[in-house]
Amino acid sequence: MKFLTVEMSTMIENLYLIRHATPDWNRKDIPYYLPPGPPLSGEGLEEAMMLADFFQFSNLHCIYTSPLERCLKTASIIADKNEVALQIEPGLSEHRPEESHTDVLKRLDPVLNRAIDKAGQGTVALVTHGSPIAILLSQLGMPPVALDDLRMRFDHHNPAPTAGVWEAVRSGVVWNLSLVFTPDNTRVEKLYGRI
């Protein structure tokens, strides 16, 4: 069953999928998947500043973010430095234990479509969590074997490190996906597409 209903006639400049910066992993007293969730660590605040610098010349138009504190703070730092609009999107929240893959996909669908509609006005960024990014990458055409390979490289089986940025650019009906930023400057430049 397919839930992402992207209008193929819409051309987008750039769409970025951003994993939040490093949270305080030691905060076991706060559920990871429920708001507010753990805050950013000192390292995470530095990573968020690096993300803000990365987007300085990107024509960033707006940012959609998960309401969890680690995403909201990451997105706020990027938005403040780049003077762009920030919108909280509950659909970008962390994958909760009781949710199936299909449940998460259903709530991501309207957010992605709104982002694509806005992208005609400039670059749009989605700040979210590893599992939603994996689902979005899969829907945009990343082969399962490539997604599995990525999950072996990064913490907690995520398809990007904390503060990692995937760029999605559509050419016709094919999405080209590139990991374009990591806080340690490791660049994974494989391109993936979908017909």
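This structure is a prediction, so every number in the text was calculated from the model and none was measured.

Visitor: Explanation requested: the packing of aromatic side chains in the structure shown.
Guide: Ring pairs (aromatic) are described by centroid distance and by the angle formed between their planes. If you walk through the whole model with that rule in mind, you get five aromatic pairs. An angle of 85° between the planes, with centres 5.0 Å apart, marks the rings of Tyr 16 and Phe 55 as edge-to-face. Here Phe 55 lies in the loop between helix H1 (42-54) and strand S2 (60-65) and Tyr 16 lies in strand S1 (residues 15-19), a separation of 39 residues in the sequence. Take Tyr 16: its relative accessible area is 6%, and that puts it in the buried class.

Visitor: What is the right way to read the pairing of strand S3 (residues 85-88) from this model?
Guide: Consecutive side chains along a regular strand alternate between the two faces of the sheet. Where S2 and S3 come together, four bridges link them in parallel fashion. Considered in S3, the bridge of Thr 65 is made with Ile 88. A crossover connection joins S2 to the parallel S3 through helix H2 (residues 69-82); in handedness this β-α-β unit is right-handed.

Visitor: I'm lost on the nonpolar core in this one. Help?
Guide: When a protein is soluble and globular, its nonpolar side chains tend to lie buried together. Core analysis: the biggest nonpolar cluster contains 31 residues, and Leu 15, Leu 17, Leu 126, Leu 137, Met 142 and Trp 166 have the highest contact counts within it. Elements supplying a minimum of two residues to this core: S1, S2, helix H3 (101-119), strand S4 (123-128), helix H4 (130-139), helix H5 (144-153), strand S5 (165-171) and strand S6 (174-181). Considering every element that reaches this core, the biggest residue donor is H3, with seven residues. Residues within four places of Leu 126 in sequence aside, it is in contact with Leu 15, Tyr 16, Leu 17, Ile 18, Tyr 64, Leu 92, Val 111, Leu 112, Ala 115 and Leu 136.

Visitor: Quick question: what am I supposed to make of the pattern of salt bridges here?
Guide: Think of it this way: side chains of opposite charge can pair up when their charged atoms draw near. Within the structure shown, the criterion is met by nine salt bridges. The partner of Glu 94 in a salt bridge is Arg 70, with the nearest N and O atoms 3.1 Å apart. On the criterion of sequence distance, the pair formed by Glu 94 in the loop between S3 and H3 and Arg 70 in helix H2 is long-range, its members being 24 residues apart. Connected via shared salt-bridge partners are Arg 96, Glu 98, Glu 99 and Arg 107.

Visitor: Help me understand the environment of Asp 103, please; the structure alone is not making it clear to me.
Guide: Mapped onto the fold, Asp 103 is located in helix H3. In this structure Asp 103 comes out as partly exposed when scored by relative accessible area, which is 34%. Here the side chain of Asp 103 touches Ser 100 through a polar contact of 3.0 Å, landing on its backbone nitrogen.

Visitor: Honestly, unusual backbone geometry in this entry has me stumped. Any pointers?
Guide: Working note: non-glycine residues mostly have negative phi, and peptide bonds are mostly trans. Residue Pro 36 is reached from Pro 35 by a cis peptide bond, and omega for that bond is 10°. The backbone of Asn 59 sits at a positive phi, close to 60°, despite the residue not being glycine. One can find Asn 59 in the loop between H1 and S2. Not every positive phi belongs to a glycine, and His 157 is a case in point at roughly 60°.

Visitor: Would you explain H4 in this entry?
Guide: Every α-helix carries 3.6 residues per turn, so stepping three or four residues along brings you back to the same face. With respect to burial, H4 is a largely interior element, nine of its ten residues being buried. Buried within H4 we find Gly 130, Ser 131, Pro 132, Ile 133, Ala 134, Ile 135, Leu 136, Leu 137 and Gln 139. Where H4 terminates, the next one or two residues include Gly 141, which has phi positive at roughly 110°.

The rules behind each value
- Residues numbered from 1 in each chain as written.
- Predicted model: local features only at pLDDT ≥ 70, side-chain atom pairs only at ≥ 80, totals over all residues.
- Heavy atoms only, no water.
- Phe/Tyr/Trp six-rings, centres within 6.5 Å; stacked < 30°, edge-to-face > 60°.
- Helix = DSSP H or I, 4+ residues; strand = E, 2+ residues; numbered from the N terminus.
- Buried < 20%, exposed > 50% of the residue type's maximum accessible area, 1.4 Å probe, protein only.
- Pairing = 2+ DSSP bridges.
- Right-handed = clockwise from strand over helix to strand, strands pointing away.
- Core = buried A, V, L, I, M, F, W, Y, C linked by side-chain atoms within 4.5 Å.
- Contact = heavy atoms within 4.5 Å.
- Salt bridge = Lys/Arg side-chain N within 4 Å of Asp/Glu carboxyl O.
- Polar contact = N/O pair within 3.5 Å; in protein donor to acceptor, adjacent residues only side chain to side chain.

So far we have only geometry, and geometry alone does not tell us how the molecule works.
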